[in-house]
Amino acid sequence: MKIGLIYFSATGNTGRMAKVIKDSFEKLGMEVDEHDVTPLSTRQKVIDIDSYHAIVFGCPVHSLRAPKIMREWMRTIDGQGKKCSMFFTYGGFTVHPAHHSTRQILTEQNFIVVSSAEFPGAHTFNHGGWRAFTDRPDESDFDMAKEYTIATFKKFSGEDPSILGELDKSTYSEEELDNFESLRFRVITKLPSRDGKNCSLCMACEEFCPTGAMDAEIGLADNDKCIACLGCAAICPEQALSINDTKGSWDFKLDLGKTTEKKLNMQQGKIYL
Ligand SMILES: Cc1cc2nc3c(=O)[nH]c(=O)nc-3n(C[C@H](O)[C@H](O)[C@H](O)COP(=O)(O)O)c2cc1C
């Protein structure tokens, strides 16, 4: 049985979980083709869904859902009635709408969603000074990813014939979720930029940018295209790109999430079957 493992990962958390999931499927005797669809150019190539027994989709949570560019890209794929599974990495705040909305999209695209999972990952906005899941994913998350893979393998192989069960009700309407998406620049108030720092013009930031927003020569992201994923800052070998200081919004964010830093960082991932 051959699996297509398709994931988006701007700062590497989802990619690290994808590697563990790939290894675990291979240990179970499955062949796995990995498709990292983060850079814009990779989403312009067609993936031959027909050549796979089943598909696994991995995404970070961006403003409570899968990133908009991934939701839009998923809407271009025909699932051909194949089984699929989803997993998300998230930075410690609201994650459940991502399971709902992605399941809905994949079901509409003619996939049968059999399982899902969420795993902690250092919050992207830690780049500016937040302190959410600073050391995650860690070994406990990798162990949970292995459990998720075994359960999903049973569903893909038919040993477990069930599909993904009921999820907790989503507390947000699509309109509210669209509003959250438009608010991200309340935290990332300054676009990723070089601000005069040294740069060898290796172009890595521009080549990696998922939306074609980063201009390496001028060292600044385009306001209309940037999704604040910070893939450019994470990939820069000279750490030349920075955003604004986010420390000031950290306590406010914890209050808004009705949590404390200690409680937040103790969270564990979850598997949904
Ligand atoms: C624009 C944006 C919005 C985000 N929104 C959420 C969110 O709603 N809930 C949450 O828990 N984490 C959120 N995060 C944090 C990411 O989900 C988390 O850091 C993830 O592991 C990043 O994955 P990656 O390293 O694969 O890109 C957000 C990150 C970004 C960049």
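Structure report, in brief. (Residues numbered from 1 in each chain as written. Predicted model: local features only at pLDDT ≥ 70, side-chain atom pairs only at ≥ 80, totals over all residues. Heavy atoms only, no water.)

## Topic: the environment of C226
Structurally, C226 is set in the loop between β7 (220-221) and α7 (231-235). Given a relative accessible area of 7%, C226 falls into the buried group. Distance in space between the C-alpha atoms of C226 and A151 is 37 Å, their sequence separation being 75 residues. In this structure, C226 is in contact with R184, F185, L191, P192, T211, A213 and A221, ignoring residues within four places of it in sequence. (Helix = DSSP H or I, 4+ residues; strand = E, 2+ residues; numbered from the N terminus. Buried < 20%, exposed > 50% of the residue type's maximum accessible area, 1.4 Å probe, protein only. Contact = heavy atoms within 4.5 Å.)

## Considering the sheet that holds strand β4 (residues 83-90)
Read across the sheet, six strands follow the order β2-β1-β3-β4-β5-β8 without closing on themselves; strand pairing throughout is mixed. The outermost strands of the open sheet, each flanked by one partner alone, are β2 (31-36) and β8 (270-272). Neighbour-to-neighbour, the strand axes of this sheet turn through a mean angle of 15°, independent of strand direction. Pairing geometry for strand β1 (residues 2-7) and β2, over six bridges, is parallel. Across the sheet, residue L5 finds its bridge partner in β2, namely E34. Relative to β4, helix α1 (residues 13-27) is tilted by about 140°, and along the sheet it contacts β1, β2, β3 (54-60), β4 and β5 (112-120). Lying on the sheet, helix α3 (residues 96-108) is in contact with β3, β4, β5 and β8; it crosses β4 at an angle near 150°. (Pairing = 2+ DSSP bridges. Axes fitted to C-alpha atoms, helices over the stretch in contact; angles between N-to-C directions.)

## Considerations on the packing of aromatic side chains
In total, this model carries 11 aromatic pairs according to the counting rule given. Relative to F111, the ring of F57 lies with its centre 5.3 Å away and its plane at 85°, an arrangement referred to as edge-to-face. One end of the pair, F57, is in strand β3; the other, F111, is in the loop between α3 and β5, and 54 residues separate them in sequence. With respect to burial, F57 and F111 carry one shared label: buried. Judged by centre distance (5.3 Å) and plane angle (85°), the ring pair of Y172 and F180 falls under edge-to-face. Note on Y172: relative accessible area 27%, which makes it partly exposed. F180 sits in the partly exposed class, given a relative accessible area of 30%. Chaining the aromatic ring pairs together yields one cluster made of F93, F125, W130 and W250. The cationic tip of K253 hangs over the ring face of F93; the distance from NZ or CZ to the ring centre is 4.6 Å. (Phe/Tyr/Trp six-rings, centres within 6.5 Å; stacked < 30°, edge-to-face > 60°. Lys NZ or Arg CZ within 6 Å of the ring centre and 35° of its normal.)

## Quick notes on unusual backbone geometry
Here the residue pair R136 and P137 is connected by a cis peptide bond, since its omega of 0° sits within 30 degrees of zero. By the element assignment, P137 lies in the loop between β5 and α4 (139-157). Phi is positive for M203, which is not a glycine, with a value near 75°. With respect to the secondary-structure elements, M203 resides in the loop between α5 (174-182) and α6 (204-208). For M203, a relative accessible area of 23% gives the class partly exposed. Look at A228: it is not a glycine, yet its phi comes out positive at around 60°. Note on A228: relative accessible area 4%, which makes it buried.

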